[in-house]
Amino acid sequence: MTRAFRPYPFAAARHDAVLPPLRDGVDARRRAVVVVGAGPVGYCTALGLARHGVPVVLVEADEGVCFGSRAICISRRSLEIIERLGALPGFLATGLPWTGGRSYYRDAEVLRFTMPQDENQKLPPMINLAQYSIEHLLLQQAEARRGLIDIRWQTRVTAIDAREDGVRLTLATPQGGYAIDADWVVAADGGRSFVRESLGLQLKGTSYEGRYVIVDILMDSARPTERLAYFDPPCNPGSTVLVHKQPGGVWRIDYQLRDGEDPDAAIRPENVEPRVASLLAMMGETADWSPIWTGIYKANALTLERYRHGRVLLAGDAAHLLPIFGVRGANSGIDDADNLAWKLAFVVRGLASERLLDSYSEERVAAAHENLSHGTKSTEFMAPPSFAFRLMREAVLGLAVKHVGVRSLINPRQTSAIAYRGSRLNTAAEASASLDAGPAPGTVLPECPLTVVRDGSARSGHVTDLLAAGFTAFFFGDGAAVPAPLRDLQRRLADEGVPFALVPIGRRPGPMVAGVQARDASGRLFPMYGADTGTLYLVRPDGHVAARWRQADADAVHTAVHHVLQAPGGAGASDE
Amino acid sequence: MNDTDLDTVYTRLCTTMTAVGEAEANLFLARFALLAMTRLGDREAVEALIDAAAEGIGAGCSQAP
């Protein structure tokens, strides 16, 4: 007798396919951008493009948001991105924030880890939120931008014709098929990407054999939100078990299959239930529970070599598959979307060279390699790929009870923000080197509380609140007015049509200016950024530093902005 | 040696042992232990490590049922 399954505490809306006005079977309007796949990456790309005023058609094969247990953790960096897209309040209201976790070997605690968290932070290092909620919240935001985001539900791409001057997608819907012409296509169509396969692109890397069963259950428990890992637990000897609390009384349990165990049999309810029951008993959970969903997972560590192929750009799982351990899947995809959206928008608006899109590929391929190296290490520990990794892990876990020195090897290496240190968009390396603290070019902004003054009214805020939709220049001053050459620079860039905001940051209250300015009320910001009076940070629309100067020079800033827009360098050819 | 270095050498040990093969793994670890002993060059430290490595496993296991 097995327990009855219960539904998720979430009902997804269903959406019908709608055909656009057609001319000879083709969408009557040629589109600047079509995004394929309404998952977290597709939504973030569409919302990012809309933020820059670029209309987008979002094509989705299904009739609503996803079902089942997929991404469950959203990182601080992803939350920063989601805030820029306008969806943060829902994420914080629904998600469960957490800062660390515990690992056990048999019945002993062997590691307690925390993710970076201090009084300077605005956002939690991680929240737990099921992917259906992630998609639902992003969909709400997309629906609020209906004028720019046109979602085509139940619309499947069946062919792609990528040419030098554009892309034609052939689409199938229950109402019939049609074609659509686009200047650019973003493939965010997931791990089994149709677009990737149609272009004949191959993911390269390592596929692991170790399999995990994923089980979502419904259970009331006041247990706090943290990451729990059990190695060789008494309830399930020889296995590894992960437990994450989700909103709405959902608990996500991942456990490793034993060697030689048949995956198809393993996810049958009669085999899952005793494993879950013995785990909950070991944890001391006494409340009744019901299964919701079960699935099977096998770790992959794969990426394409390039994410730009002419007029097709690949993002998220379509471009790379990262292991589940360390939660880099959805988070790296959201980072892809954030990197790509402004670049593509600037190219579509005629502000930037197409070479800027090559920098998307370079920066995000480099990021994928960094993510893969961390994810691979996590996987080698969580699903040992050989007898040697298994033996060494047993040694680590056994010694960790008494020997602090080996405990770092158990740390799950959760995702963290990635720096584009070698990016072709970074400039003024010498000027940057003269600052002895703060984020170097390519790095994201370290968070710090400050007072934000918007059109004269002050409130408590943080550094990331100061970012504009375009380029942002932080000018550090003593509360004095912005020097004339920088005011001229603002006008010059405005005349050139480049979205650019100059944000003065003072040690003391300065003269009021229209727009945004800030005050280092805590006194922590100037030292954190290595800033003097006259220091300037040029920040890209995605919050990465492009260049910085101890003493600002308006012409140098102008050059650096245009360097990003022209994105010179690289091998040139973006395609085979 | 920081955490990243430890990570790196740990992985190197695992991949090397994988390449050596399961049949020779004991010999590989024994050779590594000998080299580490001579490199450490401190009799008391080595003896303490031998005791720590044996603690909790095998016939001398204090936690055995």
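Heads up: these notes are all about the structure in this document.

Cut-off values and rules
Residues numbered from 1 in each chain as written. Chains lettered and ligands numbered in written order. Predicted model: local features only at pLDDT ≥ 70, side-chain atom pairs only at ≥ 80, totals over all residues. Heavy atoms only, no water. Helix = DSSP H or I, 4+ residues; strand = E, 2+ residues; numbered from the N terminus. Buried < 20%, exposed > 50% of the residue type's maximum accessible area, 1.4 Å probe, protein only. Areas by Shrake-Rupley, 256 points an atom, 1.4 Å probe, with all protein chains shown as cover. Rg over C-alpha atoms; globule rule 2.2 N^0.38 Å. Contact = heavy atoms within 4.5 Å. Lys, Arg positive; Asp, Glu negative; His and termini not counted. Charge placed at Lys NZ, Arg CZ, Asp CG, Glu CD. Pairing = 2+ DSSP bridges. Right-handed = clockwise from strand over helix to strand, strands pointing away. Axes fitted to C-alpha atoms, helices over the stretch in contact; angles between N-to-C directions. Parallel < 35°, antiparallel > 145°, perpendicular 65-115°, else oblique. Left-handed = near helix turned anticlockwise from the far one by under 90°. Nonpolar A, V, L, I, M, F, W, Y, C, P; charged D, E, K, R; others polar. Core = buried A, V, L, I, M, F, W, Y, C linked by side-chain atoms within 4.5 Å. Patch = residues over 30% accessible without salt bridge, like charges linked within 9 Å, V, L, I, M, F, W, Y side chains within 5 Å. Salt bridge = Lys/Arg side-chain N within 4 Å of Asp/Glu carboxyl O. Buried area = accessible area lost by both parts, 1.4 Å probe. Phe/Tyr/Trp six-rings, centres within 6.5 Å; stacked < 30°, edge-to-face > 60°. Lys NZ or Arg CZ within 6 Å of the ring centre and 35° of its normal. Expected span 1.5 Å × (residues − 1). Arc of directions from axis to C-beta.

Before going further, it helps to spend a moment on the overall build of chain B. On a plain count of helices and strands, chain B comes out with three helices and zero strands. Put simply, chain B runs from its N terminus to its C terminus through helices and strands in the order α-α-α. Counting only residues that meet the buried cut, chain B has 20% of its 65 residues in that class. Accessible surface, chain B: about 5,100 Å² in total, of which carbon and sulfur atoms supply 58%.

The subject of this paragraph is the overall build of chain A. Along chain A, the regular secondary structure elements total 14 helices and 28 strands. Computed over the C-alpha atoms, the radius of gyration of chain A is 25 Å, within 12% of the 25 Å expected from 2.2 N^0.38 for a compact globule of 576 residues. The dimensions of chain A, computed from C-alpha atoms along their principal axes, are 75 × 65 × 45 Å. In chain A, which comprises 576 residues, the proportion classed as buried is 59%. Restricting to contacts in chain A with at least 6 residues of sequence separation, those with at least 24 account for 73%. In the structure as shown, chain A presents an accessible area of about 22,300 Å², 50% of it carried by carbon and sulfur atoms. Of the charged side chains in chain A, 62 are positive and 64 negative, and the gap between their average positions amounts to 2 Å.

Residue and element names in this part refer to chain A. Where burial is concerned, most of strand S3 (residues 31–36) is hidden: six out of the six residues are buried. In this structure, S3 lies alongside strand S13 (residues 178–187), joined through five bridges in parallel fashion. If you follow Val-35 over to S13, its bridge partner there is Val-186. Note that S3 and strand S4 (residues 56–59) share four bridges and pair parallel. Considered in S4, the bridge of Val-35 is made with Leu-58. On the question of chirality, the crossover connecting S3 to the parallel S4 by way of helix H1 (residues 40–51) is right-handed.

This next bit is on the packing of H1(A) against helix H8 (residues 329–348) of chain A. Residue and element names in this part refer to chain A. For the pair H1 and H8, the least separation of the axes is 8 Å and the interaxial angle reads 30°. The angle between H1 and H8 falls in the class roughly parallel. Relative to H8, the crossing made by H1 is right-handed. Counted together, Val-41, Cys-44, Thr-45, Gly-48 and Leu-49 of H1 and Gly-333, Ile-334, Ala-337, Ala-341, Leu-344 and Ala-345 of H8 form the full contact between these two elements. Taken together, the residues of the contact of H1 with H8 sort by class into eight nonpolar, three polar and no charged.

Turning next to the sheet that holds strand S18 (residues 289–303) of chain A. All names here are of chain A. With respect to topology, eight strands assemble into an open sheet ordered S8-S7-S15-S16-S17-S14-S18-S21, the strand pairing being mixed. Where the open sheet ends on each side, the last strands, each with one partner, are strand S8 (108–114) and strand S21 (320–321). Bridge count for strand S7 (residues 100–105) against strand S15 (residues 227–231) is five bridges, and the pairing is parallel. Each bridged residue has a counterpart across the sheet, and for Arg-102 the counterpart in S15 is Leu-228. Here helix H10 (residues 387–400) sits on the sheet in contact with S7, S8, S15, strand S16 (240–245) and strand S17 (250–256), set at roughly 105° to S7.

Residues and elements named next belong to chain A. Counting buried positions along S17 gives seven out of seven residues, so the element sits mostly inside the fold. By the alternation rule, side chains of S17 split into Val-250, Arg-252, Asp-254 and Gln-256 and Trp-251, Ile-253 and Tyr-255, which are all buried. Bridge count between strand S14 (residues 204–219) and S17: seven bridges; the pairing is antiparallel. Bridge assignment links Tyr-212 to a residue of S17, and that residue is Gln-256. Alignment of S16 against S17, held across five bridges, turns out to be antiparallel.

Residues and elements named next belong to chain A. Within the largest apolar cluster, 109 residues are counted, with the highest numbers of intra-cluster contacts made by Val-33, Phe-91, Leu-169 and Phe-500. When residues in this core are grouped by element, the largest group, eight residues, is from H8. Sequence-distant contacts of Leu-169, that is, excluding residues within four places in its chain, are made with Val-34, Val-36, Val-157, Ala-159, Ile-160, Tyr-178, Ala-179, Ile-180 and Val-185. By size, the runner-up hydrophobic cluster in this structure holds 42 residues, among which are Met-115, Phe-325, Val-327 and Ala-400.

All names here are of chain A. Along the polypeptide, Asn-371 turns up in helix H9 (residues 355–382). Assessed through its relative accessible area of 5%, Asn-371 is described here as buried. Other than its neighbours up to four places away in sequence, Asn-371 contacts Leu-322, Arg-328, Ser-332, Arg-364 and Ile-418.

Here the focus is a nonpolar patch on the surface. Residue and element names in this part refer to chain B. A cluster of nonpolar side chains, namely Leu-34, Met-37 and Ile-50, defines an oily patch on the protein surface of about 270 Å² accessible area. Among the secondary structure elements, Met-37 is positioned in helix H2 (residues 25–40). The class of Met-37 is partly exposed, set by a relative accessible area of 33%.

Moving on to the interface of chain A and chain B. Taken together, the contacts link 19 residues of chain A with 17 residues of chain B. Note on chain A versus chain B: buried area summed over both sides is about 1,400 Å², and carbon and sulfur give 69% of it. On the surface where chain A and chain B come into contact, there are one salt bridge. The salt bridge partner of B:Glu55 is A:Lys402, with a shortest N-O separation of 3.0 Å. Those elements giving two or more residues to the side of chain A that touches chain B turn out to be H9 and H10 of chain A. Ranked by the residues each element gives to the side of chain A that touches chain B, the list is headed by H10(A), at eight residues.

Further remarks concern the packing of aromatic side chains. Residue and element names in this part refer to chain A. Per the stated rule, a full pass over the model turns up 15 aromatic pairs over all chains. When the ring of Tyr-8 is compared with that of Phe-67, the centres are 5.5 Å apart and the planes differ by 85°; the resulting orientation is edge-to-face. Remark: Phe-67 occurs in the loop between S4 and strand S5 (73–75) and Tyr-8 occurs in the segment before strand S1 (22–23); sequence separation between them is 59 residues. Judged by relative accessible area, Phe-67 falls into the exposed class, the value being 60%. Site record: aromatic cluster; members linked through ring pairs are Tyr-8, Phe-10, Phe-67 and Tyr-132. Taking NZ or CZ as reference, Arg-311 lies 4.5 Å from the ring centre of Trp-184, over its face.

Take helix H12 (residues 484–495) of chain A next. Residue and element names in this part refer to chain A. The end-to-end C-alpha distance of H12, which contains 12 residues, comes to 17 Å, matching closely the 16 Å that a straight helix rising 1.5 Å per residue would cover. Of all the positions in H12, only Leu-486, Leu-489 and Leu-493 are classed as buried. Projected down its long axis, H12 shows its buried positions confined to an angular sector of 45°, all on one face. The exposed residues of H12 that point more than 90 degrees off its buried face are Ala-494 and Asp-495. The elements touched by buried residues of H12 are strand S24 (471–477), strand S25 (500–506), strand S27 (536–539) and helix H14 (554–566). Looking one or two residues past H12, Gly-497 carries a phi angle of roughly 80°, positive in sign.

Keep in mind that these numbers describe shape and distance, not what the molecule does.
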